[in-house]
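# Report on the structure
Listed below, chain by chain, are the residues.
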Amino acid sequence: MPTRSFLKPVAGLFCLVALACAGCSPGPGSDTDAGADAHTDTDTDPNPSSTGPAGESATGYAPYVSATTASGLDSAGSVSAYNLAFVLADGGDCTPMWDGAKSIGDVAVKSRIAALTDSGATVRVSFGGAAGTELARSCDSASELAKAYGEALDAAGASEADFDIEGDALKDSDSVDLRSKAIALLQKDRPDLSVSFTLPVMPSGLGDDSVALLESANDNSVEVSTVNIMTMNYGSSYDGDMGDYAEQSAEATHDQVADIFGLSDSAAWRGMALTSMIGQNDVDEETFTLDDGAQVRQFAEEKGIAWVSMWAAFRDRPCAGDGSSSGAARSDCSGVEQEEGAFAQTLSG
């Protein structure tokens, strides 16, 4: 098991657990809200290298995949972890369900997870997403919510949790605080639980609601492994280069993460992840190309970012016909000319 770096925050209440190698638990968004040993000196970097012991990149590749439906593209590239999308509430009930519809103990899903991990990759259970109801908005107490999260993790055999919080759930301060308290309870029972927050971003950085969510985690002593930013869907006025926008978003978020958690420059980079929406984004003017993917991968390696991801593995193929879509994002293809699995190969380096 890799060592993890526990770094003291400004407030002294929170630990950001920075991932430092591709084998570490490598732990999608639309609006403006859209390792070393134990170390407490945030002004120095105990492990400045962004490469592993064999010269391999420390930056992992962890695509988002459907938790319920297998795709022949799941294993494309060099996958270090899979983000299983998504666990949601069963309507208004505090019951975790895959996609809000399938039982958390569904035998077919268990078999799917076993197949994903057969290569040695880990799985991270992603709670939330852009649709459906996140559990924190259905559960009545922190203990009840922690139990629901734990049931989903146990069903997947996972020790990594991703909380994809966006839209109304991000603006709901009551559920944000309830979630922070529940995660803190969960980590008391599961000290090895790795937690990431996946948040919308703009080239100017995280919005106020996202900052408030991270501060809530800080105040409740949650140990966060990674802040994963969704470098996508900025808005119709952002019609420039998506690779450049991803770098700008990361640079701005890096400064916010360093400030919130009191981290050194390099530690803040190691506590970040980047998720791109490949091909045609939900905003017509935004198209993330293979060249953008290569740019993001190189940037992530240079900065020592924990992992990169994409929405989503099942879109990593050309659309039928001329290889492009009509301008609207599709759920089953990228909308750009490419070979099957090309984004996975590019983003995994």
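This text follows the structure it describes.
Rules and cut-offs
Residue numbers run consecutively from 1 along every chain, following the written order of its sequence. Only residues with pLDDT of 70 or above have their local features reported here, since the model is predicted, and side-chain atom pairs are shown and tallied only from 80 upward, although totals for entire chains, interfaces and linings are computed over all residues. To obtain the side-chain values, all non-hydrogen atoms of the structure were included, while hydrogens and water were left out. Strands are runs of DSSP state E lasting at least two residues, helices are runs of H or I lasting at least four, and both sets are numbered from the N terminus onward. Exposure categories follow from relative accessible area, calculated using a 1.4 Å probe and restricted to protein chains: below 20% of the type maximum is buried, above 50% is exposed, and the middle band is partly exposed. Working definition of accessibility: Shrake-Rupley area with a 1.4 Å probe, residue cover restricted to the visible protein chains. To get an axis, fit a line to the C-alpha atoms, keeping to the stretch in contact for a helix; angles then go from 0 to 180 degrees between the N-to-C directions. Should the near helix be turned counterclockwise from the far one by less than a right angle, the crossing is left-handed, whereas a clockwise turn marks it as right-handed. Throughout, a residue-residue contact means that at least one pair of heavy atoms, one from each residue, lies within 4.5 Å. Here the term charged refers only to Asp, Glu, Lys and Arg, the term nonpolar to Ala, Val, Leu, Ile, Met, Phe, Trp, Tyr, Cys and Pro, and the term polar to all other amino acids, Gly among them. Two strands form a pair only when DSSP identifies at least two bridges running between them. Handedness of a crossover is defined as follows: with both strands directed away from the viewer, a clockwise route from the first strand across the helix to the second makes it right-handed. What makes a patch is a set of residues exposed beyond 30% relative accessible area and free of salt bridges, joined within 9 Å when like-charged and within 5 Å when nonpolar (Val, Leu, Ile, Met, Phe, Trp, Tyr). The term salt bridge refers to a pairing of a side-chain nitrogen on Lys or Arg with a carboxyl oxygen on Asp or Glu at a separation within 4 Å. Positive charges come from Lys and Arg, negative ones from Asp and Glu, while His and the chain ends are left out of the count. Charged groups are reduced to one reference atom each: NZ for lysine, CZ for arginine, CG for aspartic acid, CD for glutamic acid. For the purposes of this section, nonpolar cores are sets of buried Ala, Val, Leu, Ile, Met, Phe, Trp, Tyr and Cys residues that join through side-chain atoms within 4.5 Å. Only rings of Phe, Tyr and Trp enter the pairing, Trp through its six-membered ring, and a pair is recorded when the two centres are within 6.5 Å. The plane angle decides the type: under 30 degrees is stacked, over 60 is edge-to-face, the rest tilted. Here, over-ring charges are defined by two tests on the NZ atom of lysine or the CZ atom of arginine: distance to the ring centre within 6 Å, and angle to the ring normal within 35 degrees.

## Topic: the overall build of the protein chain
Looking only at helices and strands, the protein chain has nine helices and 15 strands in total. Expressed as a percentage of its 349 residues, the buried residues of the protein chain come to 58%. Split by element, the accessible area of the protein chain, about 13000 Å² in all, is 46% carbon and sulfur.

## Focus: unusual backbone geometry
Trans is the prevailing form of peptide bonds, just as negative phi is the prevailing case for residues other than glycine. Of note, the amide linkage connecting Ala85 to Phe86 takes the cis form, showing an omega dihedral of -10°. Looking at where Phe86 falls in the secondary structure, it is placed in strand β5 (residues 81-90). Along the chain, Trp311 connects to Ala312 via a cis peptide bond; the corresponding omega equals -5°. The topology assignment puts Ala312 in the loop between β15 (307-311) and α9 (342-348). Even without being a glycine, Asp99 presents a positive backbone phi close to 60°. In this structure, Asp99 sits in the loop between β6 (93-98) and β7 (102-103). Here Ser221, not a glycine, exhibits a phi torsion of approximately 65°, which is positive. Structurally, Ser221 is set in the loop between α5 (208-219) and β11 (226-231).

## Some thoughts on the packing of helix α4 (residues 173-189) against α5
Between α4 and α5, the shortest axis-to-axis distance is 9 Å and the interhelical angle comes to 35°. α5 is crossed by α4, and the crossing has right-handed handedness. Residues Val176, Asp177, Arg179 and Ser180 of α4 touch α5, and the partners they reach there are Leu213, Ser216 and Ala217. Residue classes in the contact of α4 with α5 are distributed as three nonpolar, two polar and two charged.

## A few points about the pairing of β6
The pairing of β5 with β6 spans four bridges and is classified as antiparallel. For Asp90, the partnering residue across the bridge sits in β6 and is Asp93. Here β5 hands over to β6 after two residues, with Gly91 in that stretch at a positive phi of 65°. Alignment of β6 against β7, held across two bridges, turns out to be antiparallel. In the sheet register, Met97 faces β7, and the bridge partner there is Ser103.

## With respect to the pairing of β11
Counting buried positions along β11 yields six of six residues, so the element is predominantly enclosed. Burial along β11 is two-sided: the residues Thr226, Asn228 and Met230 and Val227, Ile229 and Thr231 are all buried. Relative to β11, strand β10 (residues 194-200) runs parallel, the two sharing five bridges. Residue pairing across strands places Phe197 opposite Val227, the latter belonging to β11. After leaving β10, the chain enters α5 and then returns to the sheet as β11, a path that is right-handed. Sheet topology places β11 next to strand β12 (residues 272-277); five bridges connect them, and they run parallel. Within β12, the position partnered with Asn228 by the bridge is Ala273.

## Remarks on a negative patch on the surface
Taken together, Asp174, Asp177, Glu215, Asp219, Asp255, Asp259 and Asp265 make up a surface patch of like negative charges. Among the secondary structure elements, those contributing two or more residues to the negative patch are α4, α5 and α6 (242-261). Counting through the fold element by element, Asp174 comes out in helix α4.

## Re the nonpolar core
Counting residues in each nonpolar core, the largest one holds 86 residues, and the members touching the most others are Trp98, Phe127, Tyr149 and Phe197. In terms of residue count, helix α2 (residues 142-156) provides more of this core than any other element does, nine residues in total.

## Looking at the packing of aromatic side chains
In this description, an aromatic ring pair is defined by two values, namely the gap between the centres and the angle between the planes. Under the counting rule described, the total for this entry stands at 13 aromatic pairs. Measuring from ring centre to ring centre gives 5.7 Å for Trp269 and Phe299, while their planes differ by 85°; the resulting arrangement is edge-to-face. Of the two residues, Trp269 sits in helix α7 (residues 265-270) while Phe299 sits in helix α8 (residues 290-303), which places them 30 residues apart along the sequence. A residue is classified by how much of its surface remains accessible, and Trp269, at 4% relative accessible area, is buried. You can call Phe299 buried: its relative accessible area is 5%. Here the aromatic residues Tyr64, Phe86, Trp311 and Phe314 are joined through ring pairs into a cluster of three or more. In this arrangement the basic side chain of Arg124 is found over the ring face of Trp307, its NZ or CZ atom lying 4.4 Å from the centre.

## Quick look at the environment of Phe163
With respect to the helices and strands, the residue Phe163 is situated in strand β9 (residues 160-164). Here the alpha-carbon distance between Phe163 and Gly128, two residues 35 residues apart in the chain, equals 6.2 Å. Not counting residues within four places of it along the chain, the set of residues in contact with Phe163 comprises Phe127, Glu134, Tyr149, Arg179, Ile183, Val195, Ser196, Phe197 and Thr198.

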